[in-house]
Amino acid sequence: MRDTENHSTFVILPDSGVKELQHSAGHKNMLQLIHLRWLAVFGQISTIALVTLGFGIHLPILPMLYVLAGLIAFNIGSHLRWHEEVRVSNRELLLALLVDVATLTAQLYLSGGTGNPFAFLFLLQVILSAVLLEAWSTWLIVALSTACLMGLSRFSLPLKLPPDSVNSLFSLYRDGMLICFLLNAALLVFFLTRINSNLKERDAQLADLQKRAAEEEHIVKMGLLASGAAHELGTPLATLSVILGDWRRMPQFTQDAELTEELTEMQRQLQRCKSIVSSILLSAGEARGESSVKTTINTFLNDLAEDFRATRILQVFEYRNSNPHDIPVVFDVALKQMICNVLDNALEASPHWLALDVQRQEEVLTLLVTDRGPGFQPHILDKLGQPYQSTKGRAGSGLGLFFVVNVVRKLGGTVSARNRLEGGAAVEVTLPISALKL
């Protein structure tokens with residue numbers, strides 16, 4: 001397992017809802033529409049110049065420039081608004097497409113109506129609406145585009161063709177249709193590809209949210225189970241504590257030093273069990289802050305390392321704290337359990353040697369746990385943080401890293417794991433200081 005160095009990283013995403021993802025995709029699509037509108041402005045200016053200068057067709061230049069000026073002003077306003085605001089709804093996308101339909105209708109009215117081959121650009125608006133908008137909005141665009149085409153078929157300013165081009169009217173219309181087709185095809189391929197990329201990214205994030213929701217539901221069930229088990233264990237632990245106390249006062253135990261020492265160890269382990277049960281009851285169902293302790297980074301980590309060393313059977317435990325600046329923070333029971341979980345997993349794989357290194361770089365606290373055990377199997381690294389992924393071969397195993405990943409995710413951190421080239425494994429937990437500060 002150590003001939004190559006395997007890596008796997010579980011990147012924690014910040015909590016966000018489905019609405020936020022939809023708005024994010026809508027924002028990206030709105031930016032695509034703004035870019036498309038700039039191309040439309042450039043295309044209209046080029047077409048007007050080509051038709052008037054190249055073919056000698058007289059167009060109402062001033063009114064058409066007024067329409068262009070309005071489109072430019074709307075696009076500048078859209079750019080300024082959506083540069084700062086990132087929440088774009090379906091109605092706002094609909095409004096943007098309605099402005100494009102109105103602009104196209106006005107330009108076609110001034111340049112021959114349905115006799116202008118560029119009338120087929122209405123199809124571009126319909127297809128974009130089908131991709132970007134909800135169903136009712138798409139049908140609204142279809143209805144309005146149809147109404148505009150019907151109106152343009154009866155009301156429009158006729159094209160003023162030069163006298164020598166009357167016989168070549170069909171040729172001009174054919175060339176215009178060819179240009180319109182190429183324009184439609186190029187714009188659709190280019191922008192639909194980018195829009196579909198945005199939608200696929202949103203779908204992937206939605207899938208991640210659904211997976212996260214399922215994991216959190218699983219954690220809630222685990223918490224309820226742990227809380228119930230802790231309540232049930234309270235009575236037998238209290239009974240054992242009373243029995244051990246009675247035994248310590250019995251002459252046959254007090255006169256035997258070896259038995260007395262064993263009783264002391266049993267009481268110590270029993271006290272640890274009661275402490276674990278109390279921690280479970282304290283943290284189950286409570287928000288962070290209700291089961292938290294005000295302390296400092298170094299105090300918390302130093303006490304945690306000392307407690308771990310005193311309550312576990314291990315040969316070598318190297319603890320190195322390189323945090324130069326101690327600051328007041330809040331640590332809760334779940335966070336302590338999370339760190340101990342990583343250490344316990346490493347201890348089970350490597351009972352002879354274990355190390356915990358603490359570093360801080362600016363506003364990020366890094367905890368690195370290393371061992372000299374057999375390392376992670378490749379399929380465990382590939383599915384880091386998923387429940388029931390374990391090398392222990394026991395039913396219910398594999399929840400340790402699952403618990404770790406979900407606790408760290410709540411704090412906006414990351415968890416990564418790898419196999420070391422010199423042998424053993426390493427698990428790195430990074431936490432933002434801002435999530436721990438008072």
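Only a predicted model underlies this, so the values are computations on that prediction, with no experimental measurement involved.

Here we take up the overall build of the protein chain. Along its length, the protein chain carries 12 helices and 8 strands. Burial analysis of the protein chain (438 residues in total) assigns 38% to the buried set. Counting every atom, the protein chain has about 24200 Å² of accessible surface; 62% of that belongs to carbon and sulfur.

Across its 17 residues, helix H10 (residues 333–349) extends 24 Å between first and last C-alpha, which sits within 8% of the 24 Å expected from 1.5 Å per residue. For H10, every residue scored as buried is listed here: Val-333, Leu-335, Met-338, Ile-339, Cys-340, Val-342, Leu-343, Ala-346 and Leu-347.

Another point: the nonpolar core. Leu-343 and Leu-354 are the most contacted members of the largest nonpolar core, which has 43 residues in total. Here this core takes 8 residues from H10, the largest share from any one element. Apart from the residues lying within four places of it in its own chain, the contact partners of Leu-343 are Leu-304, Phe-308, Phe-317, Leu-354, Leu-356 and Val-369. Among the nonpolar cores identified, the runner-up in size contains 21 residues, and Leu-33, Ile-34, Leu-36 and Ile-195 belong to it.

A few words on the packing of helix H9 (residues 297–311) against H10. A pair of packed helices is characterised by two quantities: the angle between their axes and the separation of those axes. The interhelical angle for the contact between H9 and H10, taken along N-to-C directions, is 40°, at an axis separation of 11 Å. With respect to H10, the axis of H9 lies oblique. In this structure, H9 meets H10 at a crossing whose hand is right-handed. Side by side, H9 and H10 meet where Phe-300, Leu-301, Leu-304, Asp-307 and Phe-308 of the first sit next to Lys-336, Ile-339, Cys-340, Leu-343, Asp-344 and Leu-347 of the second. When grouped by side-chain class, the residues that make up the contact of H9 with H10 number 8 nonpolar, no polar and 3 charged.

Together, Phe-120, Leu-123, Ile-127 and Met-177 make up an exposed nonpolar region whose accessible area comes to about 330 Å². Residue position: Phe-120 is located in the loop between helix H3 (90–109) and helix H4 (122–132). Phe-120 gets classed as partly exposed once you look at its relative accessible area, which sits at 38%.

So, on to the packing of aromatic side chains. According to the stated counting rule, one finds 1 aromatic pair in the structure shown. With a centroid separation of 5.3 Å and 55° between ring planes, the pair formed by Phe-308 and Phe-317 is classed as tilted. Across this residue pair, the class does not change: Phe-308 and Phe-317 are buried. A cation over an aromatic ring shows up here: Arg-81 above the ring of Trp-82, its NZ or CZ 4.4 Å from the ring centre. For the cation-ring pair, Arg-372 lies above Trp-353, with the distance from its terminal atom to the ring centre recorded as 4.0 Å.

What follows concerns the pairing of strand E5 (residues 353–361). In terms of burial, E5 is a largely internal element, 7 of the 9 residues being buried. Judged from the 6 bridges that link them, strand E3 (residues 316–321) and E5 form a sheet pairing that is parallel. Pairing of Glu-318 across the sheet is with Ala-355, part of E5. Taken together, the 8 bridges between E5 and strand E6 (residues 364–371) define a ladder with antiparallel strand orientation. Considered in E6, the bridge of Ala-355 is made with Thr-370. Connecting E5 to the next strand, E6, in antiparallel fashion are 2 residues, including Glu-362 with a positive phi near 55°.

Its identity as a non-glycine residue notwithstanding, Glu-362 has a phi of 55°, on the positive side. In this fold, Glu-362 is placed in the loop between E5 and E6. Look at Glu-362 and you get exposed, because its relative accessible area is 72%.

Now for the side chain of Thr-430. Of note, Thr-430 is situated in strand E8 (residues 425–432). The class for Thr-430 is buried, based on a relative accessible area of 15%. Excluding its chain neighbours within four sequence positions, the residues that come into contact with Thr-430 are Val-364, Leu-365, Thr-366, Val-408, Gly-413 and Thr-414.

Our focus in this paragraph is the environment of Lys-160. When you line up the elements, Lys-160 lands in the loop between helix H5 (135–154) and helix H6 (169–248). Residue Lys-160 is classed as exposed on the basis of its relative accessible area of 58%. Through-space distance from the C-alpha of Lys-160 to that of Ile-57 is 6.0 Å; in sequence the pair is 103 residues apart. Among residues more than four places away in sequence, those in contact with Lys-160 are Ile-57 and His-58.

With that settled, the discussion passes to the confidence of the model for the protein chain. Chain-level statistics for the protein chain give a pLDDT mean of 79 and a share of 79% at 70 or above. A low-confidence stretch, residues 1–18 (pLDDT under 50), is modelled with 54 contacts involving residues beyond four sequence positions or located in other chains. Across residues 393–397, where pLDDT falls below 50, the model places 6 contacts with residues more than four positions away in sequence or in other chains.

Counting through the fold element by element, Ser-145 comes out in helix H5. Residue Ser-145 is classed as buried on the basis of its relative accessible area of 3%.

H4 packs onto H3 with a crossing angle of 175° between their chain directions and a minimal axis gap of 10 Å. In terms of axis orientation, H3 runs roughly antiparallel to H4. The segment H3 lies against H4, with Asn-90, Leu-93, Leu-97, Asp-100, Val-101, Leu-104, Thr-105 and Leu-108 engaging Phe-122, Gln-125, Leu-128, Ser-129 and Leu-132. Its residues assigned to classes, the contact of H3 with H4 shows 8 nonpolar, 4 polar and 1 charged.

Cut-offs and rules
- Counting starts from 1 at the beginning of each chain's written sequence and moves along it residue by residue.
- For a predicted model such as this one, the threshold for reporting local features is a pLDDT of at least 70, and the threshold for listing and counting side-chain atom pairs is 80 or more; totals across whole chains, interfaces and linings nevertheless cover every residue.
- Only hydrogens and water are removed before side-chain values are computed, so all heavy atoms of the structure are retained for them.
- The way it works is that DSSP assigns letters per residue, a run of H or I at least four long becomes a helix, a run of E at least two long becomes a strand, and they are numbered from the N terminus.
- Only protein chains enter the accessibility calculation, which uses a 1.4 Å probe; a residue is then buried when its area is under 20% of its type maximum, exposed when over 50%, and partly exposed in between.
- Each accessible area is a Shrake-Rupley estimate made with a 1.4 Å probe; only the visible protein chains count as cover when residues are assessed.
- Helix span, expected: 1.5 Å multiplied by one less than the number of residues in the helix.
- Residues belong to a common nonpolar core when they are buried Ala, Val, Leu, Ile, Met, Phe, Trp, Tyr or Cys residues joined through side-chain atoms within 4.5 Å.
- Contact between two residues is taken to exist if any of their heavy atoms lie within 4.5 Å; hydrogens are not considered.
- In this description, a line fitted to the C-alpha atoms serves as the axis of each element, helices being fitted only across the stretch in contact, and the angle between N-to-C directions of two axes falls anywhere from 0 to 180 degrees.
- Oblique is the label for any angle not covered by the other classes, which are roughly parallel (under 35 degrees), roughly antiparallel (over 145) and roughly perpendicular (65 to 115).
- Crossing chirality is assigned from the near helix's rotation relative to the far helix, an anticlockwise turn below a right angle marking it left-handed and a clockwise turn marking it right-handed.
- As a working rule, the residues Ala, Val, Leu, Ile, Met, Phe, Trp, Tyr, Cys and Pro are called nonpolar, Asp, Glu, Lys and Arg charged, and the rest polar, with Gly in that last group.
- Patches in this entry comprise residues that are over 30% relatively accessible and not in a salt bridge; like charges within 9 Å are linked, as are nonpolar side chains (Val, Leu, Ile, Met, Phe, Trp, Tyr) within 5 Å.
- One speaks of a salt bridge when a side-chain nitrogen belonging to Lys or Arg is within 4 Å of a carboxyl oxygen belonging to Asp or Glu.
- Ring pairs shown here join Phe, Tyr and Trp side chains whose ring centres sit within 6.5 Å, with only the six-membered ring taken for Trp; geometry is labelled stacked below 30 degrees between planes, edge-to-face above 60, and tilted in between.
- Two conditions define a charge located above a ring, namely a distance within 6 Å from the ring centre to NZ of Lys or CZ of Arg, and an angle within 35 degrees of the ring normal.
- We call two strands paired when DSSP finds no fewer than two bridges between them.
- Confidence of the predictor at the level of single residues is captured by pLDDT, which takes values from 0 to 100.

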